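Structure assessment
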Amino acid sequence: MHTSLLEASEQEPSPVIHLQGAAVRGPRGPVFGPLTLSATGAITVVCGPRGSGRTALLLTLAGRMRLTEGSAHVMGASRAAEMRTRVGIVGFDDIDGLESTASVAAALRERLAWVAPWYRRVPRLSPDVVRELLADAFGELEQPDPDTLARDLGPVDTILIRVALAMLESPELLVLDDFDELRSIAERRLVADRLTALAAAGTHVVIATTDAADLECFVGTSPTLIEL
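Residues numbered from 1 in each chain as written. Predicted model: local features only at pLDDT ≥ 70, side-chain atom pairs only at ≥ 80, totals over all residues. Heavy atoms only, no water.

A word on the sheet that holds strand S4 (residues 69-74)
- Spatially, S2-S1-S4 is the arrangement adopted by the three strands of the open sheet, whose pairing is antiparallel. The open sheet has two edge strands with one neighbour each: strand S2 (29-39) and S4. Ignoring which end each strand starts from, the neighbouring axes of this sheet average 20 degrees apart.
- In the packing of helix H2 (residues 54-61) onto the sheet, the strands contacted are strand S1 (17-26), S2 and S4, and the crossing angle to S2 comes to about 55 degrees. (Pairing = 2+ DSSP bridges. Helix = DSSP H or I, 4+ residues; strand = E, 2+ residues; numbered from the N terminus. Axes fitted to C-alpha atoms, helices over the stretch in contact; angles between N-to-C directions. Contact = heavy atoms within 4.5 Å.)

Looking at helix H8 (residues 185-200)
- Between its terminal C-alpha atoms H8 stretches 22 Å, which fits the 22 Å expected from 16 residues at 1.5 Å a residue.
- Listed in full, the buried residues belonging to H8 are Glu187, Arg188, Val191, Ala192, Arg194, Leu195, Thr196, Leu198 and Ala199.
- Taken together, the buried residues of H8 touch strand S3 (43-47), helix H6 (127-138), helix H7 (155-167), strand S6 (173-176) and strand S7 (204-209).
- One or two positions beyond H8, positive phi appears at Gly202, with a value near 120 degrees. (Expected span 1.5 Å × (residues − 1). Buried < 20%, exposed > 50% of the residue type's maximum accessible area, 1.4 Å probe, protein only.)

Let's talk about the confidence of the model for the protein
- On average, residues of the protein carry a pLDDT of 92, and 94% of them reach 70 or more.
- Under a pLDDT of 50 for its full length, residues 1-6 has, in the predicted model, two contacts with residues more than four places off or in other chains. (pLDDT = per-residue confidence, 0-100.)

So, unusual backbone geometry
- With an omega of 5 degrees, the peptide bond between Gly33 and Pro34 qualifies as cis.
- Considering the arrangement of structural elements, one finds Pro34 in strand S2.
- Despite not being glycine, Ser170 shows a phi value in the positive range, around 50 degrees.
- Its place among the elements puts Ser170 in the loop between H7 and S6.

Side note on the packing of aromatic side chains
- Tallying each qualifying case throughout the model produces one aromatic pair.
- Between Phe179 and Phe218, the ring centres sit 5.8 Å apart and the planes meet at 35 degrees, which makes this aromatic pair tilted. With Phe179 in the loop between S6 and H8 and Phe218 in the loop between S7 and strand S8 (224-227), this residue pair connects regions lying 39 residues apart in the sequence.
- Phe179 gets classed as buried once you look at its relative accessible area, which sits at 1%. (Phe/Tyr/Trp six-rings, centres within 6.5 Å; stacked < 30°, edge-to-face > 60°.)

Comments concerning the sheet that holds S8
- Here we have five strands laid out as an open sheet, ordered S5-S6-S7-S3-S8, and parallel in their pairing. In the strand order of this sheet, the two ends are held by strand S5 (87-90) and S8, each with one partner. Between one strand axis and the next, the sheet turns by 20 degrees as a mean value, whatever way the strands run.
- By the bridge criterion, four bridges tie S5 to S6 in an arrangement that is parallel. Of the residues in S6, the one forming a bridge with Val87 is Leu173.
- Running at roughly 155 degrees to S5, H7 makes contact with S5 and S6 of the sheet.

This is the structure:
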């Protein structure tokens, strides 16, 4: 018995990312692309040297930068405005950077106020509420005290706080830039473990790095590699 075309299509996972001749060009020439590819896995690693367009590609996937050529589909969305509603963004200082003098609780409250309807007041967050809001990002890792200032956070806690902030908007996909700024392999593996857990729970993840060896941090996930 032959499998019908309909049955075959149902067996194939829909691509998380699909690029067709996608490129961004600026006044000084190409930024990235053209790229034609599909990524279907829960985790995608974008790898390339600095200046290769890694950050621009992630901003494009997040609906923050428009293509000048080709097309992009992210979680089924093809319009930038629709992508922005589906994609959370982490590691872009001009977009999600933490105010150095803000506490963990204050950063969470500010983001909640941003995503809440205009008529809903966000009260001061209790320690229990802070713990709940950080739970998905931190898992079993020890959470920082709610009163800890951003400038006093370690590298892993800083990244995971920013992940927690992005998750407040229930994204279908997270993009995380400069994964390799975590200097030690131990730090990268801790963050990779948490991103893997989020991916297993249904939130797809795209990271950017200069080091292809970072794929090895995502144990048991067979991440898709995009090389620039």
